[in-house]
Amino acid sequence: MVVNEQQSFRGTFLMYGIILLELPTLVLISTLYFTGKLGEDGWIALLIVCTLMPLAFLLLMKITLETRMDENSFRYKSGPFQRSWKTLKKEDIKTISVHKKDGFMDYGGIGVRFLGKTKAYIFLADHVIEIEIGDRKLVFSTHKPREFEEMIESWKSSKR
């Protein structure tokens, strides 16, 4: 049995919220430029705003979290900056569990969070997978808590 999951911010309220913030700003800066209120160097402000806002939006839409759990390991990668899979072998994991937690409130927001020795990959989900490895803790949000719990039970039964 293998559990695969991919999460992103596409189609979430976050995407629409950013659009609702960026569009009025782009319209306002364009209006100010074309009416001459920005002065002679207004084109620089227009260029900067019209370049950075879409790039920031595209970057946010490219952020993903992919998790995969099979009989031997737990693997994850978080794009666009981490392109290769990080593998946690079953033998190296001290504890692994699935909890019903709001990762947004418990871990200080969405995205990749660093809290002391805890590294959290939080997207908009109601459950998290907590993994302890040595003195470090990794947290991943998930939309598939049942599948991961079944896989964890399979791990526990195979250790006996």
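Residues numbered from 1 in each chain as written. Predicted model: local features only at pLDDT ≥ 70, side-chain atom pairs only at ≥ 80, totals over all residues. Heavy atoms only, no water.

Engineer: Just to check I follow, could you spell out the packing of aromatic side chains for this structure?
Structural biologist: Two aromatic rings, taken as a pair, are described by how far apart their centres are and by the angle between their planes. Overall, the coordinates contain seven aromatic pairs when judged by the stated rule. An angle of 55 degrees between the planes, with centres 4.8 Å apart, marks the rings of Tyr-76 and Phe-140 as tilted. Of this pair, Tyr-76 sits in strand 3 (residues 73-77) while Phe-140 sits in strand 9 (residues 136-142), placing them 64 residues apart in sequence. In this pair, the class of Tyr-76 matches that of Phe-140, namely buried. Measuring from centroid to centroid gives 5.2 Å for Tyr-121 and Phe-140, while their planes differ by 5 degrees, and the two rings are stacked. Of the two residues, Tyr-121 sits in strand 7 (residues 118-122) while Phe-140 sits in strand 9, which places them 19 residues apart along the sequence. Pair check on accessibility: Tyr-121 and Phe-140 agree, each one buried. An aromatic cluster is defined as three or more aromatic residues linked by ring pairs; in this entry it consists of Phe-74, Tyr-76, Tyr-121, Phe-140 and Phe-148. (Phe/Tyr/Trp six-rings, centres within 6.5 Å; stacked < 30°, edge-to-face > 60°. Helix = DSSP H or I, 4+ residues; strand = E, 2+ residues; numbered from the N terminus. Buried < 20%, exposed > 50% of the residue type's maximum accessible area, 1.4 Å probe, protein only.)

Engineer: In this structure, what is going on with helix 1 (residues 13-34)? I would like to understand it.
Structural biologist: Every α-helix carries 3.6 residues per turn, so stepping three or four residues along brings you back to the same face. Here helix 1 contains 22 residues, and its C-alpha end-to-end distance of 32 Å stays within 8% of the 32 Å for a straight helix at 1.5 Å per residue. The set of residues buried in helix 1 consists of Met-15, Ile-18, Glu-22, Leu-26 and Ile-29. For helix 1, the angular spread of the buried residues around the axis is 75 degrees, confining them to a single face. Exposed and oriented more than 90 degrees from the buried face of helix 1 are Phe-13, Leu-20, Leu-21, Val-27 and Leu-28. The inward-facing, buried residues of helix 1 contact helix 2 (42-62). (Expected span 1.5 Å × (residues − 1). Arc of directions from axis to C-beta. Contact = heavy atoms within 4.5 Å.)

Engineer: I would appreciate a short explanation of the nonpolar core in the present structure.
Structural biologist: Inside soluble globular proteins, nonpolar side chains tend to come together where they are buried. Among the nonpolar cores identified, the biggest contains 32 residues, and Met-69, Phe-74, Leu-88, Ile-96, Ile-129, Ile-131 and Phe-140 are the most heavily contacted of them. Beyond its immediate sequence surroundings of up to four residues, Ile-131 is in contact with Phe-74, Leu-88, Ile-93, Thr-95, Ile-96, Arg-136, Lys-137, Leu-138 and Phe-140. (Core = buried A, V, L, I, M, F, W, Y, C linked by side-chain atoms within 4.5 Å.)

Engineer: Can you walk me through the sheet that holds strand 6 (residues 111-115) in this structure?
Structural biologist: Within a sheet, adjacent strands bond to each other through the backbone by hydrogen bonds, running parallel or antiparallel. An order of 5-8-9-7-6 is seen for the five strands of this open sheet, with the pairing classed as mixed. At either end of the open sheet lies a strand with only one pairing partner, and these are strand 5 (95-100) and strand 6. The sheet shows a mean angle of 15 degrees between the axes of neighbouring strands, taken without regard to direction. The pairing of strand 8 (residues 127-133) with strand 9 spans seven bridges and is antiparallel. Paired with Ile-129 across the two strands is Phe-140, which belongs to strand 9. (Pairing = 2+ DSSP bridges. Axes fitted to C-alpha atoms, helices over the stretch in contact; angles between N-to-C directions.)

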